[in-house]
Amino acid sequence: MYCKNHDRVRNLRTAIHLALLSSAIGAIAPAQAQETSGTPETVEEIVVTGSRIARPDYTAASPVVSVGADVFNRVAAATPEQVLNTLPQFVPNITSNSNNPGNGQSNIDLRGLGTNRNLVLLNNRRLPASNADGTVDINIIPTALIKDVQILTGGASAVYGSDAIAGVTNFILRDDFEGVELNSTFGLTDESDGQEWTANITMGGNFADDRGNAVVHVGYTERELVRQGAREFSFLDLDVRRQGNTPGGSATIEQGRILSSSANLANQGIIDSVFSQYQGYVPGSVTPSRALGTNPDGTLFSQGNGTPNSVVNYTGERDASFNPDAYSYNFAPPNLLQLPIERWNLTAFMNYDLTDNVNAYFSALYTTYGADTNLAPTPATGLTVPVTNPYIPADLATILASRPDADADFGFSRRMSEVGPRTDVFDVDVWQYTAGLKGTVGDGYNWDVYVSGSRVEERNTQGGDLSLQRIQELLEAPDGGVAICGGFNVFGSGNVSPGCAAYVTTYFTNLTTVEQVSAEATFGGRMFSMPAGDARFSIGAAYREDSYAFEPDSSVASGDLVGFNQQSPLTGSINATELFAEALFPLLRDAPAAQRLDVTLGYRWSDYNLSGAANAYKAEVDWQVVDAVRLRSSYQRAVRAPSIDELFSPPNQGFPPVIEDPCDITSTARTSGANADAANGGSDAIRQLCLQTGVGADVIDDYSYPFAQVETNAGGNPNLQEESADTITFGVVFDSPFSGAALENLRASIDYWMIEIDDAIVQTPGGEILLLCYGANGNNQSFDPNDPTCQVVDRSVYGDSTPVISAGITSNASKLETAGIDVQIDWGLDFGGGGRLATNFVYTYLEKYDLSIREGLPVLDRVGQVSDTPGETLPEWKMLLNMDYYFLNDMFRIGARYRYMPSMDNKYKSYDDITTVGTPSIDYLDLNASWYLTSAAELSLGVTNVTNQEPPLYTASIEMNTDPSTFDVLGRRYFARLNYKF
């Protein structure tokens, strides 16, 4: 379904003027002025992204990059994120390859500041958010209708209001079209899977003696799922280390995981007596705190704690997933590499000239889609089993009877494979309408008034989970559940009866509704005359109300589930009343060293019903020094109002990633370095701190934490204030002054940008907090249990020293700073009758990305790091090169696209520089070609990832042993596209 529509409105047999190189290649280009020649003619004033002032050129004082429709066509993009995430300005976040975490959406993240700090517009107006945090799902955008996408770096709150911290992504759709256009694309991978198919029809025409125009578009997209088991690199969950990769997986196994309480441990002698029945047992090698499992014959095995050969007496199958140091369950195969989707887009535009000076316009967008994620069978954790359970194996009963409190229940967890995989189905419906009037009055004054409304409905069906209440009912039943459903034997794999598997299986339905209503009125035009030209202005007022309602299934709300997170109902609304003004002052024209010098000032006052008044403002300078050189600079104070989630979310359970628990007996902190255990040549400082923060003295030297996540509990804060950010940009634009064929079509720009958020609302990263308590990143070097990070680590919740991070409420306590340099070069060469070459080069250097979670904690430097969290993989630099060669009067085109990322350190390198693995440099080559079969029909063919690069594997990955949003996980892909216009 690799399909994308493009608006190729060029005459095939007419040479495209290479001075407009971006149009010629349909590729990435900076916003720039249009050149005119010949007889003067009336110039239509336009509005560029980042300003509301209508002007007669495309000059922008802030860096604006425009991505044309052809770019989407040349990579067969079914969804916009497939193109945008390859641009250096974006940091890939949740995408079509995000299974867990994942929600079926496609989100974009400008500069890595978060998906809710990048304002997303559609034809200069806000798109509805799809989540409580304000994030927009760009799955709703009809890719085939995209005319271009304009990306502005730097704050733009003075122009657009809240959320434009990192900048703006403005999707411009074709809303004035005549004719009929049909296109379809089909693509699949080199493994003959992952099929994508799209079909689109766009129809438009004038009516009422050309006073009106109407456009209707219908698009269909279908994408096939691909499972992790379909690729060798992702078939097996791995613990990737410098010393070699070993099976990772989950400690919650199919045979059942029998847990010990540190306050009620079994007798070592009895354990030795039981295990001595088994061949090759060494007394003392299975300790009282060690987790046990059940073999098919009812005998026991030690699951291991990560130390060499600590798995004892396992008699089951030993395949590639078997690790003799820690037995685990390989959860990877049923998970998804690519999420399936079925989507319909219906879009309509209409405008009509009521009079010569008044135009009425209307637009409507409807998108409906279904997307799925898939997870391994439910890991049922947090269970308790009474000693009266009739299925307890005899050897286990003997060990349990040796505990000080022999009659006490014991902890238990189990992978419920008899139930099958968990499914998460998202059915989404989105409506948006806009209706307005615009026109001119007097001497060049323009006005615009519109209302807009939107509604997002999501029906989330979760399947394959278990009822905690019913599981406990069966575990506590005197007959083991025989009378209820046939028998619930959880000791050993495959022993749960089909009836009991069905009895505990549950399905949930969660409903989400997001609504937005907005109205805006603007008025602008000439303000007064200055020696260098007319000063221009735009003023306006706006009102916006956003509401959100999440209604979880009653079982989800009550916590009667184990495979998905408990979630509480959430409702809330925010409204804002705003006044704004912008003015452009031409200071110089045709002066020495200043052909043109303009200054633009802007201000917005916003009154939020919850957080109060906020001010945003800007100052921009646009200086055309000579024909060849233009300087541009801007300062912006941007704001972001707290989202409904950040304000109202009740305390909810979360499981952010963590590389390890420093108190684990095999952790880097306890096995190496000056503060390691005394037995390992260290000062014993980490071990002592673990004891002081809740690890039991009886288990400290055998404690194991075989999980890659840590539980957190955090909620919203209705007293939050808006974020404010200072953003600065400074750039130089060069247009070739040379007339020679080799250089006359050269254009280049270089821009420095800096964004600083002093009162950022950042979700507390539980994994980092856990590590910081035990000395990571230079924190708590005195190993004080009263350190603020240690105070939120609670090891008493489950009775086995497992950490839970009590993060508390959200606050305006973080600071985030990032800065970098963007470079862009466009160049073309005309060979006359031999065709022409067009190239585009884009490069971003990330100078700084510093995150301060809380005052007093170390600053986390993220530059050049690969992460375990979507949206946090930040290479020091990235580049993209596009090349196209046109020949036979543009009837044929062949193109190449090259992307490169340098090597990256692991996010946890500062914590563990001994075993962690980062990623090597990687590059991707895409090839494509197009051929106009007739003047109306175009055939395109392409191959992406020509060299079939596999993604790099690294320690503590996001999923699939890699970062599936940043790196290509599907491999080489082929596509064909046919477009017909008449």
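Note that this is a predicted model, so its numbers are computed, not measured.

Criteria and thresholds
Residues numbered from 1 in each chain as written. Predicted model: local features only at pLDDT ≥ 70, side-chain atom pairs only at ≥ 80, totals over all residues. Heavy atoms only, no water. Helix = DSSP H or I, 4+ residues; strand = E, 2+ residues; numbered from the N terminus. Contact = heavy atoms within 4.5 Å. Areas by Shrake-Rupley, 256 points an atom, 1.4 Å probe, with all protein chains shown as cover. Lys, Arg positive; Asp, Glu negative; His and termini not counted. Charge placed at Lys NZ, Arg CZ, Asp CG, Glu CD. Core = buried A, V, L, I, M, F, W, Y, C linked by side-chain atoms within 4.5 Å. Buried < 20%, exposed > 50% of the residue type's maximum accessible area, 1.4 Å probe, protein only. 1 Å grid on protein atoms, 1.4 Å probe; cavity = no way out; pocket = protein on both sides within 12 Å on 5 of 7 lines; lining within 4 Å. Points joined across faces, edges and corners; volume = space filled by probe spheres on them. Nonpolar A, V, L, I, M, F, W, Y, C, P; charged D, E, K, R; others polar. Pairing = 2+ DSSP bridges. Salt bridge = Lys/Arg side-chain N within 4 Å of Asp/Glu carboxyl O. Disulfide = S-S within 2.5 Å. Arc of directions from axis to C-beta. Phe/Tyr/Trp six-rings, centres within 6.5 Å; stacked < 30°, edge-to-face > 60°. Patch = residues over 30% accessible without salt bridge, like charges linked within 9 Å, V, L, I, M, F, W, Y side chains within 5 Å. pLDDT = per-residue confidence, 0-100. Polar contact = N/O pair within 3.5 Å; in protein donor to acceptor, adjacent residues only side chain to side chain.

**Description of the overall build of the protein chain**
- Scanning the protein chain from terminus to terminus reveals 15 helices and 44 strands.
- Residue pairs at least 24 apart in sequence account for 72% of intrachain contacts in the protein chain once pairs closer than 6 positions are excluded.
- For the protein chain, the exposed surface amounts to about 36400 Å²; the carbon and sulfur share of it is 54%.
- Each charge sign in the protein chain was given a centre, from 61 positive and 118 negative side chains, and these centres are 5 Å apart.

**As for the nonpolar core**
- Counting residues in hydrophobic clusters, the biggest one holds 99 residues, and the most contacted among them are V67, L84, I141, V149, I151, F171 and Y774.
- With five residues, the single largest contributor to this core is helix 14 (residues 766-773).
- Apart from residues no more than four positions distant in its own chain, I141 is found in contact with P80, L127, I146, F171, L173, R343 and N345.
- Within the second largest apolar cluster, 35 residues are counted, among which are F275, L396, V496 and V504.

**Observations regarding empty space enclosed by the protein**
- Enumeration over the complete set of coordinates arrives at ten cavities of 30 Å³ or more.
- Each pocket or cavity is described by its volume, and for the largest cavity that value is around 580 Å³.
- Breaking the lining of the largest cavity down by element, the ones donating at least two residues are helix 3 (81-84), strand 39 (877-887), strand 40 (892-901) and strand 42 (922-932).
- Among the elements that line the lining of the largest cavity, the one with the most residues is strand 40, at four residues.
- For the lining of the largest cavity, the residue count by class is 15 nonpolar, ten polar and seven charged.
- Reported here for the second largest cavity is a volume of approximately 390 Å³.
- Along the walls of the second largest cavity sit 31 residues, with R126, A129, G134, D163 and D546 positioned nearest its centre.

**Topic: the pairing of strand 26 (residues 594-608)**
- Judged from the 14 bridges that link them, strand 25 (residues 570-591) and strand 26 form a sheet pairing that is antiparallel. Residue pairing for strand 26: L588 is matched across the bridge by L597.
- Across 13 bridges, strand 26 lies against strand 27 (residues 612-626) in antiparallel orientation. By the bridge assignment, G602 is partnered in strand 27 with K618.
- In sequence, strand 26 turns back onto strand 27 through a hairpin of three residues.

**Observations concerning the pattern of salt bridges**
- Applying the stated rule across the entire model yields 49 salt bridges.
- The partner of R290 in a salt bridge is D702, with the nearest N and O atoms 2.8 Å apart. Here R290, found in the loop between helix 5 (268-275) and strand 14 (292-294), pairs with D702, found in the loop between helix 13 (685-692) and strand 30 (711-715); they are 412 residues apart in sequence, far enough to count as distant.
- On the accessibility criterion, D702 (10% relative accessible area) is buried.
- Between D884 and R893 there is a salt bridge whose closest N-O contact spans 2.7 Å. Neither D884 nor R893 differs from the other in exposure class; each is buried.

**Describing the state of the cysteines**
- Under the counting rule described, the total for this entry stands at three disulfides.
- Note that C485 is cross-linked by a disulfide to C500, the S-S spacing being 1.9 Å. Taking the torsion about the S-S bond as the criterion, the C485 to C500 disulfide, at about 85 degrees, is right-handed. Here C485, found in helix 8 (residues 482-485), pairs with C500, found in helix 9 (residues 498-504); they are 15 residues apart in sequence, far enough to count as distant. Residue C485 shares its accessibility class with C500, and that shared class is buried.
- With a sulfur-sulfur separation of 2.0 Å, C663 is cross-linked through a disulfide to C690. On the S-S bond that ties C663 to C690, the torsion sits near -100 degrees, and the link is left-handed. Of this pair, C663 sits in the loop between strand 29 (652-654) and helix 12 (668-671) while C690 sits in helix 13; the two residues are 27 residues apart in sequence, bridging distant segments of the chain.
- Judged by its relative accessible area of 0%, C663 is buried.

**Some remarks on helix 7 (residues 468-476)**
- Within the sequence span of helix 7, burial applies to I471, Q472, L474 and L475. End-on view of helix 7: buried residues confined to an arc of 160 degrees, all on one side of the axis.
- In this fold, the buried residues of helix 7 make contact with strand 19 (379-385), strand 22 (445-466), helix 8 and helix 9.

**Concerning the pairing of strand 36 (residues 836-852)**
- Bridging between strand 35 (residues 814-830) and strand 36 involves 16 bridges; their strand directions are antiparallel. Counterpart to I825 in the pairing with strand 36 is F841.
- Linking two consecutive strands that pair antiparallel, namely strand 35 and strand 36, is a turn of five residues; a positive phi of about 70 degrees is found at G832 within it.
- Bridge analysis of strand 36 against strand 39 gives ten bridges, and the strand direction is antiparallel. Looking across to strand 39, one finds that T839 is bridged to M883.
- Of the strand pairs in this sheet, strand 36 and strand 37 (residues 860-861) are connected by two bridges, and their pairing is antiparallel. Counted as the bridge partner of D850 is D861 from strand 37.

**Comments concerning the side chain of S454**
- Relative to the helices and strands, S454 resides in strand 22.
- Beyond its immediate stretch of four places on either side in the chain, S454 contacts P128, W431, Q432, V514, E515 and Q516.

**Quick look at the packing of aromatic side chains**
- Going through the model one piece at a time under the given rule, you end up with 26 aromatic pairs.
- Measuring from centroid to centroid gives 6.3 Å for Y445 and F537, while their planes differ by 55 degrees, and the two rings are tilted. Here F537 lies in strand 24 (residues 533-551) and Y445 lies in strand 22, a separation of 92 residues in the sequence.
- You can call Y445 partly exposed: its relative accessible area is 21%.
- Its relative accessible area of 14% is what places F537 among the buried residues.
- Judged by centre distance (5.4 Å) and plane angle (10 degrees), the rings of F887 and F892 are stacked.
- Look at F887 and you get partly exposed, because its relative accessible area is 25%.
- Judged by its relative accessible area of 24%, F892 falls in the partly exposed class.
- An aromatic cluster of three or more residues is present, and its members are F831, Y885, F887, F892 and W931.

**Things to note about a nonpolar patch on the surface**
- A surface patch of nonpolar side chains, amounting to about 430 Å² of accessible area, comprises F207, M350, F362, Y433 and V451.
- Turning to its location among the elements, F207 is positioned in strand 8 (residues 196-207).

**A word on unusual backbone geometry**
- Here the residue pair N100 and P101 is connected by a cis peptide bond, since its omega of 10 degrees sits within 30 degrees of zero.
- Here P101 lies in the loop between helix 3 and strand 3 (118-122).
- The backbone of S192 shows a phi angle near 60 degrees, a positive value even though the residue is not glycine.
- Turning to its location among the elements, S192 is positioned in the loop between strand 7 (179-189) and strand 8.
- Note on S192: relative accessible area 53%, which makes it exposed.
- Phi is positive for D890, which is not a glycine, with a value near 70 degrees.
- Examined against the element boundaries, D890 turns out to sit in the loop between strand 39 and strand 40.
- Relative accessible area serves as the criterion here: at 7%, D890 is assigned to the buried category.

**Topic: a negative patch on the surface**
- Residues D175, D176, E178, D209 and D210 make up a contiguous surface patch of negative charge.
- In this structure, D175 sits in the loop between strand 6 (167-173) and strand 7.

**Structural notes on the confidence of the model for the protein chain**
- Per-residue pLDDT for the protein chain has a mean of 90; in total, 94% of the residues score no lower than 70.
- Counting contacts from residues 1-27, a segment whose pLDDT is below 50, to residues more than four positions away or on other chains yields 125 contacts.
- The low-confidence segment residues 31-44, where pLDDT is below 50, has 16 contacts with residues more than four positions distant or belonging to other chains.

**Details of helix 5**
- Taken together, the buried positions of helix 5 are occupied by I271, D272, V274 and F275. For helix 5, the angular spread of buried residues about the axis comes to 165 degrees, placing them on one side.
- Residues of helix 5 that are buried sit in contact with strand 14, strand 15 (300-302) and helix 6 (394-400).
- Among the residues of helix 5, the N-terminal cap falls to N267, whose side-chain oxygen and the backbone nitrogen of G269 are separated by 2.8 Å.

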